[in-house]
Amino acid sequence: MKMELFSPEALITEDEIAHRIEELGYSITKDFEGQELVVICVLKGAFIFCSDLIKKINLPIKLEFISLSSYGDSTQSSGSVRLDMDITANIEGKNVLIVEDIVDTGLTIKTLMDIMKVRKPKNVKLASLLYKPSKMKHSVKIDYLGFEIEDKFVIGYGLDYAGRYRELPYIGILNAGN
Ligand code: IMP
């Protein structure tokens, strides 16, 4: 059986992503020079971004995973966030860097920041690969941003639609025909 190749329109190419991640890694390394960093990867969407980013950070890192869901299988935010899986480390007094795939309404990341701050870290910074300013409802500060994008539903490089397309090596736009 012949498999059809799936190639949605690219918004951000593999090369552009790699170049930007190198810059972000350099800034993070400089900002936390001489210190240890707890990196919290927000599953599932940030797993590829986070694995590429930590390779560009030249600091001692402890990696943690957390899983939150707000979307279900739709392209619209459901308006509520559920904590599906928590980190295992104690972050009290630690430098924490949360690594997220995309900030859309800001609800997910605001909820996560609030959960983390109660645990008394030394500080909490946010790295997000993408940001859709047109949808922002809960203001959050993105300390390390990959790309600002317009209000389109994007897939690939870890981001999904209904659990699919995470394996695309670039950021593509979800069209009705995909
Ligand atoms: P927020 O809580 O509205 O900021 O939504 C953030 C979460 O929604 C992200 O972590 C993604 O999982 C998901 N999301 C928002 N926009 C997109 C998109 O364009 N493509 C894929 N997932 C998205």
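Below, the structure is looked at part by part.

Definitions and limits used
- Residues numbered from 1 in each chain as written.
- Predicted model: local features only at pLDDT ≥ 70, side-chain atom pairs only at ≥ 80, totals over all residues.
- Heavy atoms only, no water.
- Pairing = 2+ DSSP bridges.
- Helix = DSSP H or I, 4+ residues; strand = E, 2+ residues; numbered from the N terminus.
- Axes fitted to C-alpha atoms, helices over the stretch in contact; angles between N-to-C directions.
- Contact = heavy atoms within 4.5 Å.
- Buried < 20%, exposed > 50% of the residue type's maximum accessible area, 1.4 Å probe, protein only.
- Near = heavy atom within 4 Å.
- Polar contact = N/O pair within 3.5 Å; in protein donor to acceptor, adjacent residues only side chain to side chain.
- Areas by Shrake-Rupley, 256 points an atom, 1.4 Å probe, with all protein chains shown as cover.
- Nonpolar A, V, L, I, M, F, W, Y, C, P; charged D, E, K, R; others polar.
- Phe/Tyr/Trp six-rings, centres within 6.5 Å; stacked < 30°, edge-to-face > 60°.
- Core = buried A, V, L, I, M, F, W, Y, C linked by side-chain atoms within 4.5 Å.

## Quick word on the sheet that holds strand E2 (residues 37-43)
Then, in step 1: Taken in spatial order, the six strands of this open sheet run E4-E3-E2-E5-E6-E7, and their pairing is mixed. Two strands in the sheet have a free side with no partner beyond their single neighbour: strand E4 (82-85) and strand E7 (144-148). Mean inter-strand twist for the sheet, computed between neighbouring axes without regard to direction, equals 30°.
Then, in step 2: Relative to strand E6 (residues 123-131), strand E5 (residues 95-103) is paired through eight bridges, and the arrangement is parallel. Following the sheet pairing, Asn95 is matched in E6 by Asn123.
Then, in step 3: Here helix H2 (residues 47-54) sits on the sheet and contacts E2, strand E3 (61-69), E5 and E6; the angle it forms with E2, its principal contact strand, is near 155°.
Then, in step 4: Across the face of the sheet, helix H3 (residues 107-117) comes into contact with E2, E3, E5 and E6 while running at roughly 165° to E5.

## Focus on H3
Then, in step 1: Of all the positions in H3, only Leu107, Thr108, Ile109, Leu112, Met113 and Met116 are classed as buried.
Then, in step 2: Turning to H3, the residues buried within the fold contact E2, E3, E5 and E6.

## A short note on the site of the ligand
Then, in step 1: Neighbouring the ligand are 16 residues; Thr105, Gly106, Thr108, Lys132 and Val154 lie closest to it.
Then, in step 2: Between the ligand and the protein, one listed contact pairs an oxygen atom with a backbone N or O atom of Asp104 at 2.9 Å.
Then, in step 3: Thr108 has a polar side-chain atom sitting 2.5 Å from an oxygen atom of the ligand.
Then, in step 4: Protein chains bury 92% of the 490 Å² of accessible surface belonging to the ligand in isolation.
Then, in step 5: Only E5 and H3 provide two or more residues apiece to the shell around the ligand.
Then, in step 6: Counted by class, the shell around the ligand contains seven nonpolar, three polar and six charged residues.

## Quick word on the packing of aromatic side chains
Then, in step 1: Per the stated rule, a full pass over the model turns up one aromatic pair.
Then, in step 2: Ring geometry for Phe153 against Tyr161: centres 5.9 Å apart, planes inclined by 80°, an arrangement best described as edge-to-face.
Then, in step 3: On the basis of relative accessible area, Tyr161 is assigned to the partly exposed category, the value being 30%.

## Concerning the sheet that holds strand E9 (residues 171-173)
Then, in step 1: Taken in spatial order, the three strands line up as E1-E9-E8 in an open sheet, and their pairing is antiparallel. Two strands lie at the open edges of the sheet, namely strand E1 (10-12) and strand E8 (154-155), each paired on one side alone.

## Observations concerning the nonpolar core
Here is a general trend for soluble globular proteins: nonpolar side chains tend to be buried in one another's company.
Then, in step 1: Ranked by internal contacts, the top residues of the largest apolar core, which has 29 residues, are Leu53, Leu97, Val99, Leu130 and Ile171.
Then, in step 2: Mapped by element, the contributors of at least two residues to this core are helix H1 (14-31), E2, H2, E5, E6 and E7.
Then, in step 3: Ignoring any residue separated from it by four or fewer positions in sequence, one finds Ile171 in contact with Glu9, Ala10, Leu11, Ile12, Ile17, Leu129, Leu130, Val154, Ile155, Gly156, Tyr157 and Leu159.
Then, in step 4: Of all hydrophobic cores here, the second largest spans 19 residues; its members include Ile91, Leu112, Met116 and Val124.

Coordinates in, geometry out; function isn't part of it.
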